[in-house]
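# Architecture at a glance
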Amino acid sequence: MSQKKNICEVCEKKAEKLKTCKSCDRQYCPKCQSPSTKQDFCKDCVSMEGVVSKS
């Protein structure tokens, strides 16, 4: 059985775990999760003003 490689769609690096961004539906690694929110959003979506509420 072949093992699927987990590739982050934000930084394009291999990762053990991936989450799905609630905004863009991309798979991202823990390093690409936004540090300013505890929600499941990638840092790219959070950096776009007005896309994600930081509260």
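This part is about the pattern of salt bridges. Enumeration according to the criterion identifies 2 salt bridges in this entry. In this structure, the salt-bridge partner of Lys-19 is Asp-40, at a minimum N-O distance of 3.5 Å. Of this pair, Lys-19 sits in strand β1 (residues 19-20) while Asp-40 sits in the loop between β2 (27-28) and α1 (43-47); the two residues are 21 residues apart in sequence, bridging distant segments of the chain. Classification of Lys-19 by relative accessible area gives partly exposed; the value is 39%. In this structure Asp-40 comes out as partly exposed when scored by relative accessible area, which is 28%. Across the pair Asp-44 and Arg-26 runs a salt bridge, and its minimum N-O distance is 2.8 Å.

Thresholds applied
Within each chain, residues carry numbers counting from 1 in the order of the written sequence. The model is predicted, so local features are restricted to residues of pLDDT at least 70 and side-chain atom pairs to those at 80 or more, both for listing and for counting; the totals for chains, interfaces and linings are taken over all residues. Side-chain calculation: all heavy atoms of the structure are included, whereas hydrogens and water are not. Salt bridges are identified by distance alone: a Lys or Arg side-chain nitrogen within 4 Å of an Asp or Glu carboxyl oxygen. A helix here means a DSSP run of H or I that spans at least four residues, while a strand means a run of E at least two residues long, and both kinds are numbered starting from the N terminus. Burial classification: accessible surface area is computed with a 1.4 Å probe over protein chains only, and a residue below 20% of its type maximum counts as buried, one above 50% as exposed, and the rest as partly exposed.

Shape is all these values report; function is a separate question.
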